Amino acid sequence: MLPTPSTSHVCFDRVYEPAEDSFLLLDTISSFSEAAFLHDRFRQTTPELEPCSTSPLVLEVGVGSGVVLAFVAANAKTIFGRDDVLALGTDINSFACQAASQTVQNAIHNPSESVFLDIVNGDLACAIRPYLVDVFIFNPPYVPAKLPDYSRHDNYNTILAGQKSTSFEQDSYLLELSYAGGIDGMEVTNRMLEQIPHILNPLRGVAYLLLCAQNKPEVVKQRIKDWGPGWMAETVGISGSKAGWEKLQIVRIWKATLS
Amino acid sequence: MKLLTLNFLTCAIKTCKTSPSSFPLHPQDSELEIVEADINVLFLRNMLPRLMWNELRLIVNELGLPSLPETAPDASSLLETKLQVPEGDTTGLNIEKIEVPSQVAKDLHRVLLETCIREGKLVCGNCGHEYKVMEGVANFLLPGHLV
């Protein structure tokens, strides 16, 4: 078992606390079969024979506490078979950006482990240059619940002038951002899916997306396969297969090389 | 935020993405800080091929930092050989060769990973939109009408 990064410094009143979904991502990405897939995809060639492959860029959208990105960065050698991985994150919640930044920094103990870039405050991957992401991770707001009223965002994304801390309404709004996914819990994920083919590296890019049963994962997977020749979507991790209503799965999205 | 991060960012406005002038974003009114970090030469070597050198040079000039060479350093220039006496050897006769990060590598590391924008803004060369950087975090959220 690889260690779970510490998030004890994070205020969970306004930043999503690591839960079953986060842990399913950790377990799946570090599983024997996924590590084997990723080792193969990001294999480093020996410099003597041919130029080495470039450092992989890992992007997590909606980092929350940062536990997933920190885990991937700190355990890059085990997961990818190489420790020259770049970790970049985004979150719509500025408090999550600050918290996650610290989580990732704390988790990388060894200078040769990975390189942490930054956590950027933004909407999904809107500010990321196209076709550069090698590993994409998204634990979306997947609960079928009314989307929050984004018109409040500017005011609620910061500590208001004259205030010492966030208000209760503010905290509720910020947490809503982390779970409320609109119709079928898919409204935010659908916007993200539109961006994925344009941010992933066409040759070696791979995305990990978390879905719950209410998101109709089979429909989502078929839609991804319909993006065009070579696009693949496969369930590579599941949890909550008992009676829980929140049955979760991780879908791996990638483009197979067409020969 | 680290200068290397700018290598991966562009304007968040959809219509800017197809315009070459939306990259790099131009730092303005920046307050810089140096955050020391351990050097990883393997990383630098494997990062070089995906580094947009001309754009990095431009940003470095805009920030008023010492100019970078016209062309990106060669991977082989990141390490240099140093002679040293092994620890515990009192005779001084068993000099060994070790590879250490070169000045080129140290300079590159300083620019990419230790030079951080603490406060300031990033400006799109296409639409002129300004993204604020506060406490080291860049804010790419757009007002509702721009999405």
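Residues numbered from 1 in each chain as written. Chains lettered and ligands numbered in written order. Predicted model: local features only at pLDDT ≥ 70, side-chain atom pairs only at ≥ 80, totals over all residues. Heavy atoms only, no water.

- The name an unreviewed UniProt entry assigns to chain B is Trm112p-domain-containing protein, from the organism Lindgomyces ingoldianus.

- An unreviewed UniProt entry lists chain A under the name N(5)-glutamine methyltransferas-like protein MTQ2, with Lindgomyces ingoldianus given as the organism.

### Description of the overall build of chain A
Here is step 1: Check the secondary structure of chain A and you find nine helices and seven strands.
Here is step 2: Against the 2.2 N^0.38 benchmark of 18 Å for 259 residues, chain A shows a C-alpha radius of gyration of 18 Å, consistent with a compact globule.
Here is step 3: When its C-alpha atoms are laid out on the principal axes, chain A stretches across 60 × 40 × 35 Å.
Here is step 4: Looking at chain A as a whole, 56% of its 259 residues are labelled buried.
Here is step 5: Taking all contacts inside chain A whose residues are at least 6 apart in sequence as the whole, residues at least 24 apart take part in 79%.
Here is step 6: Summed over all atoms, the accessible surface of chain A reaches about 11,200 Å², with 56% contributed by carbon and sulfur.
Here is step 7: Once the 19 positive and 29 negative side-chain charges of chain A are each reduced to a mean point, those two points are 4 Å apart. (Helix = DSSP H or I, 4+ residues; strand = E, 2+ residues; numbered from the N terminus. Rg over C-alpha atoms; globule rule 2.2 N^0.38 Å. Buried < 20%, exposed > 50% of the residue type's maximum accessible area, 1.4 Å probe, protein only. Contact = heavy atoms within 4.5 Å. Areas by Shrake-Rupley, 256 points an atom, 1.4 Å probe, with all protein chains shown as cover. Lys, Arg positive; Asp, Glu negative; His and termini not counted. Charge placed at Lys NZ, Arg CZ, Asp CG, Glu CD.)

### A few points about the sheet that holds strand β4 (residues 115-123) of chain B
All names here are of chain B.
Here is step 1: A sheet is described by the order of its strands in space; here four strands give the open sequence β1-β4-β5-β6, paired in antiparallel fashion. Each having just a single partner strand, β1 (26-34) and β6 (137-138) make up the two edges of the open sheet.
Here is step 2: Packed onto the sheet, helix α3 (residues 103-114) meets β1 and β4 and runs at close to 55° relative to β4. (Pairing = 2+ DSSP bridges. Axes fitted to C-alpha atoms, helices over the stretch in contact; angles between N-to-C directions.)

### What about the environment of B:D107?
All names here are of chain B.
Here is step 1: Relative to the elements of secondary structure, D107 occurs in helix α3.
Here is step 2: On the basis of relative accessibility, which here comes to 43%, the residue D107 falls in the partly exposed class.
Here is step 3: Taking the C-alpha atoms as reference, D107 lies 26 Å from V85; in sequence the two are 22 residues apart.

### Regarding the layout of surface pockets
Here is step 1: Quantified by volume, the largest pocket comes out at close to 690 Å³.
Here is step 2: As for the largest pocket, its lining consists of 30 residues, of which A:Q105, A:F116, B:K2, B:V35 and B:A37 are closest to the centre.
Here is step 3: Mapped by element, the contributors of at least two residues to the lining of the largest pocket are α5 (94-107) and β3 (114-121) of chain A together with α3 and β4 of chain B.
Here is step 4: Broken down by class, the residue content of the lining of the largest pocket amounts to 13 nonpolar, ten polar and seven charged. (1 Å grid on protein atoms, 1.4 Å probe; cavity = no way out; pocket = protein on both sides within 12 Å on 5 of 7 lines; lining within 4 Å. Points joined across faces, edges and corners; volume = space filled by probe spheres on them. Nonpolar A, V, L, I, M, F, W, Y, C, P; charged D, E, K, R; others polar.)

### Considerations on the pairing of strand β5 (residues 206-212) of chain A
Residues and elements named next belong to chain A.
Here is step 1: Most of β5 is tucked away: seven of the seven residues are buried.
Here is step 2: With burial as the criterion, each face of β5 is covered, one bearing V206, Y208, L210 and C212 and the other bearing A207, L209 and L211.
Here is step 3: Bridging between strand β4 (residues 135-138) and β5 involves four bridges; their strand directions are parallel. Paired with V135 across the two strands is V206, which belongs to β5.
Here is step 4: Note that β5 and strand β7 (residues 248-255) share seven bridges and pair antiparallel. Note that in β7 the partner of V206 across the bridge is W254.

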